[in-house]
Amino acid sequence: MIDIAIVGGGPAAYTAAIFAGRAGLNAVVYESELMAAKIVSISQIENYPGFPNGISGEELSDNLHKQAEKFGVDTVYNEVKKVGLDGIYKKILIDSGETIKAKTVILAIGEMAQKLNCSGENKFLGKGVSYCAICDGTFFKGRDVAVIGGGDAALASALYLCHLVKKLYLVHRRNSLRATKILQDKLKQCEMTELVLNHEVKEIQGKKFVNGILLQNKETKTVKRIDVDGVFVYIGSKPNTEIVHELVKVDEQGYIITNEKMETSCPGIYAAGDVRKKDLRQLVTAAADGAIASFQARQYIEMHY
Ligand code: NAP
């Protein structure tokens, strides 16, 4: 029986772990490769307070693990398959087949950027392929990049990047953009932007780093290459909520609905970080969510057990 089962692998999960450990609670983090992937894929973090020279995602993740361990919180590297209830207790089924009983659960299970699933995408992750313009945009200052997608996220990122880069190609699979008109109008003001409509990315090419993409015209099927140093993929994302299907309330896009105490619709189950319905998905807001969830879980344990 543990006090808090923390499911996740990013800053929300590990901040919750640090707070739980310091409060003397018996907490365990259940981390899968997928959950930790997002933070580790950020080459340089420049907007996390306290690191004036920035820090790599890998190093920050490493530090978070060490800090949680220092306060006695163990990490179990095993995927959580399902979270359910057993009376007032929570039960967590992990990949090894074991079922763990916990008094509370913190879901810091994040969201995943949708992938293009084209050749070269995984190979050049962190070497020119990015899913976060705010995190990685400055590395492409004065260089040529492509943003893939036609929604608000793609255009908002293109607007952020177009002031940094030399040339920006916005590549979209249809002839019209999905993004709101205001973003489309703003993008028209960015002279260095070229729209490449009705094209799909077939391959991301490079040697050690990205140096181009192959695009196929959806009507004529002709393939062309454009030279770019960076590819920012913004074709939607989805929260990782399958493990709590029908246990907690989610919004129409699948993000977990919480109040400001990070309480979900299920008593004793909290959500923190990117998996929550929220406006700003950043490392710093994820860490704050984790701290609040941990504090509230402790209060819950004191009241109910
Ligand atoms: P989205 O609105 O679902 O747009 C995804 C875009 O990617 C669509 O244009 C889609 O094309 C394209 N796409 C999907 N799968 C693809 C594939 N396999 N290959 C190539 N293209 C693909 O997602 P989002 O832009 O991430 O936005 C998500 C939500 O957040 C939206 O509600 C949005 O309004 C909101 N948001 C708002 C802002 C803002 O600044 N206001 C910023 C970010 C996000 P099709 O159009 O052909 O389907």
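Bear in mind that the values here come from a model prediction, so they are computed numbers and not experimental data. (Residues numbered from 1 in each chain as written. Predicted model: local features only at pLDDT ≥ 70, side-chain atom pairs only at ≥ 80, totals over all residues. Heavy atoms only, no water.)

K.L.:
Any chance you could break down the pairing of strand β2 (residues 27–30) for me, citing the residues and the numbers?
P.N.:
By the alternation rule, side chains of β2 split into A27 and V29 and V28 and Y30, which are all buried. Where strand β1 (residues 2–8) lies against β2, 4 bridges are found, and the strand directions are parallel. Within β2, the residue paired with V7 across the bridge is Y30. Between β1 and its parallel partner β2, the chain crosses via helix α1 (residues 11–22), and the hand of that crossover is right-handed. Looking at chain direction, β2 and strand β3 (residues 74–76) are connected through 3 bridges and run parallel. Across the sheet, the residue bridging to Y30 is V76, located in β3. (Buried < 20%, exposed > 50% of the residue type's maximum accessible area, 1.4 Å probe, protein only. Helix = DSSP H or I, 4+ residues; strand = E, 2+ residues; numbered from the N terminus. Pairing = 2+ DSSP bridges. Right-handed = clockwise from strand over helix to strand, strands pointing away.)

K.L.:
So, the packing of α1 against helix α7 (residues 283–304): which residues are in play, and what are the values?
P.N.:
Between α1 and α7, whose axes approach to 7 Å, the crossing angle comes to 35 degrees. As for the relative orientation of α1 and α7, their crossing is right-handed in sense. Touching P11, A12, T15, A16, F19 and A20 of α1 are L283, A286, A287, G290, A291 and S294, all from α7. Among the residues making up the contact of α1 with α7, the classes are represented as 9 nonpolar, 3 polar and no charged. (Axes fitted to C-alpha atoms, helices over the stretch in contact; angles between N-to-C directions. Left-handed = near helix turned anticlockwise from the far one by under 90°. Contact = heavy atoms within 4.5 Å. Nonpolar A, V, L, I, M, F, W, Y, C, P; charged D, E, K, R; others polar.)

K.L.:
Before we move on, can you summarise the sheet that holds strand β8 (residues 129–130) with the specific residues and values?
P.N.:
An order of β8-β15-β9-β10-β11 is seen for the 5 strands of this open sheet, with the pairing classed as parallel. The sheet is open, and its two edges are formed by β8 and β11 (193–196), each paired on a single side.

K.L.:
Give a detailed account of the domain arrangement of the protein chain, specifying residues and quantitative values.
P.N.:
It is common to give the size of an interface as the accessible area lost on bringing the parts into contact. The assigned domain composition of the protein chain is domain 1 (2–112 + 238–304) and domain 2 (129–233). With 6 residues of domain 1 at the interface, the matching set in domain 2 holds 5 residues. Together domain 1 and domain 2 conceal approximately 420 Å² of surface at their shared face, both sides included; 51% is due to carbon and sulfur atoms. At the junction of domain 1 and domain 2, the tally comes to 0 salt bridges. Counting the contacts that link domain 1 with domain 2 gives 0 residue pairs in polar contact (both at pLDDT 80 or more). A breakdown of the residues in the side of domain 1 that touches domain 2 according to their chemical character gives 1 nonpolar, 4 polar and 1 charged. (Domains from an automatic or database assignment. Buried area = accessible area lost by both parts, 1.4 Å probe. Salt bridge = Lys/Arg side-chain N within 4 Å of Asp/Glu carboxyl O. Polar contact = N/O pair within 3.5 Å; in protein donor to acceptor, adjacent residues only side chain to side chain.)

K.L.:
Pulling in residues and values, what's your account of the environment of R225?
P.N.:
Mapped onto the elements, R225 comes out in strand β14 (residues 223–226). Here R225 falls in the partly exposed class, since its relative accessible area comes to 37%. C-alpha of R225 to C-alpha of L214: the two residues are 11 residues apart in sequence and 4.5 Å apart in space. Every residue in contact with R225, bar those within four places of it in the chain, is listed here: Q205, N211, G212, I213 and L214. Of note is the side chain of R225, whose polar atom sits 3.0 Å from the side chain of D227.

K.L.:
Explain the sheet that holds β14 residue by residue, including any values.
P.N.:
Pairing in this open sheet of 3 strands is antiparallel, and the strands run β12-β13-β14 from one edge to the other. Bordering the open sheet on either side are β12 (199–206) and β14, each of which pairs with just one other strand. On average, adjacent strands in this sheet sit at an angle of 25 degrees to one another, irrespective of strand direction. Here 4 bridges tie strand β13 (residues 210–217) to β14, and the two strands are oriented antiparallel to one another. Of the residues in β14, the one forming a bridge with L214 is R225.

K.L.:
Residues and numbers for the nonpolar core, please.
P.N.:
Counting residues in each nonpolar core, the largest one holds 32 residues, and the members touching the most others are I4, I6, Y14, A17, L60 and I106. Breaking this core down by element, the ones donating at least two residues are β1, α1, β2, α3 (57–70), β6 (99–108) and α7. Those residues in contact with A17 that sit more than four places away from it in its chain are I6, V29, A68 and V73. (Core = buried A, V, L, I, M, F, W, Y, C linked by side-chain atoms within 4.5 Å.)

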